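# Survey of secondary and tertiary structure
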Amino acid sequence: MLTVLRNGTVYTMNQSNEVLRNADIWVCEGEITKIGKNTDLPSDAQVIDCTGQFITPGLIDAHTHVGLWAEVTERQNDANEYSSPWTPLMNAKDGIDPRHFSFEQAVMGGVTTVQTGAGSANPIGGVWSILKTAGASFDDRILIERSGLKGALGENPKNVFGNQYKTMPMTRMAVAHLIRKGFNQVLQLKDSERDQLSKDNSALAPFMEVLERKMPLRLHCHRADDIATAIRIAKEYNVKLSLEHCTEGMLMLDTIKASGATVTLGPYMTPATKYENRFSTAKSPKHFHETGIPFAIMTDHPFIPIQYLYYCVVEAVKNGLDELAGLESITCAAAAIMGIADKVGSVEKGKDADFAIWSHKPFETKANVLATYIEGKEVYRHEGMIR
């Protein structure tokens, strides 16, 4: 069935960041099939009147713990495996509750795609996944099941295992040692032994995937020295690196740019609950943009509820970030960083029909999400949505 979103102002977020006024978006079988103005519609087309409304790609949150983290009165935190500091075989897909209310919150905020997985208790915590926030079945919602090996530097692993459990790691030296451990063990193997890793579901298999650059190493790091350690480790093994949080990255922009790492920034709208994020600031995205470092803005849900991803960008814009750069950071730039730009992140022919429809121009104070579409299906509608 053909569905047409008609007469909206479309922020395409394509390569030239075109803004199309009074545009029609044709959707069929979950994909965008046509974009134009005053298009001749077939008589059987379902028409959604978006006159006076604004359409953006579905928003993308590059760093969350949606569907995994204990919230409200839930006791069990499925985002951290506390039995060991080194748990590379943990797979986010096995812990995600696809019916968790955080997915409902996501679509209320226009968020259609998230990356979610292990938290930051472990130096090596497990493998993350990328998925849609709604869909017919859980398996159908998965875009990339293995989107990165998550590790953590700094205070979190020290506090959980060193201070609480009185075991390694107690120091930053030990944290870095445990991150290197898997890579070193793989490099000591013969070629025939490496080939067997994935077949045996070995604990070293995720490290092999990272070494083969099939997925990145995603390292939680706040302090400048931890960021430097993350870059040093990635350089030692020639692996793709994503700096997660990168709170003090403003102090070393040239070093980060030279490293080739990508960055997810945030959350910078929370209190400084620990010493290492005391310099968190919404001014950071402006400096990363001006330096030319690829970045995405994220919520780290539940630490900032995912429905407020857009407002994290608003705060960055208030602090000097260019508006289109801000929108890029939660659409096309986030998609590129996550390796899913062929499917989502922009309103273009052949892409998934994921949209957020807004009452006002993005970054206006009154802007509300009126409706959210994933693969052409309405998954959220605000009471103010007019057909």
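All figures in this text were calculated on a predicted structure; none of them were measured in a lab.

In terms of helices and strands, the protein chain carries twelve helices and 16 strands. Here the protein chain has a C-alpha radius of gyration of 21 Å; the compact-globule value for 387 residues is 21 Å, and the two agree. Viewed in the frame of its principal axes, the protein chain has a C-alpha envelope of about 65 × 45 × 45 Å. Counting over 387 residues, the protein chain shows a buried share of 58%. Put simply, 67% of the contacts in the protein chain that link residues at least 6 apart link residues at least 24 apart. About 16,400 Å² of surface is accessible on the protein chain, with carbon and sulfur atoms providing 48% of the total. Counting 40 positive and 46 negative side-chain charges, the protein chain places the averaged centre of each group 4 Å from the other.

Looking now at the pattern of salt bridges. Following the criterion strictly, the structure yields 22 salt bridges and no others. D24 is the partner of R6 in a salt bridge, and the nearest nitrogen-oxygen pair spans 3.1 Å. Of this pair, R6 sits in strand β1 (residues 2-11) while D24 sits in strand β2 (residues 19-28), placing them 18 residues apart in sequence. Residue classification places R6 among the partly exposed residues on the basis of a relative accessible area of 21%. The exposure class assigned to D24 is buried, which follows from its relative accessible area of 0%. Between E155 and K158 there is a salt bridge, and its shortest N-O distance comes to 3.7 Å. Pair noted here: E155 and K158 are both in helix α3 (residues 155-164), with a separation of three residues, about one helical turn. A single burial state applies to E155 and to K158, both of which are buried. A network of salt bridges, in which partner residues are shared, links E155, K158, R172, R223, D225, D226, K274 and E276.

Cut-offs and rules
Residues numbered from 1 in each chain as written. Predicted model: local features only at pLDDT ≥ 70, side-chain atom pairs only at ≥ 80, totals over all residues. Heavy atoms only, no water. Helix = DSSP H or I, 4+ residues; strand = E, 2+ residues; numbered from the N terminus. Rg over C-alpha atoms; globule rule 2.2 N^0.38 Å. Buried < 20%, exposed > 50% of the residue type's maximum accessible area, 1.4 Å probe, protein only. Contact = heavy atoms within 4.5 Å. Areas by Shrake-Rupley, 256 points an atom, 1.4 Å probe, with all protein chains shown as cover. Lys, Arg positive; Asp, Glu negative; His and termini not counted. Charge placed at Lys NZ, Arg CZ, Asp CG, Glu CD. Salt bridge = Lys/Arg side-chain N within 4 Å of Asp/Glu carboxyl O.

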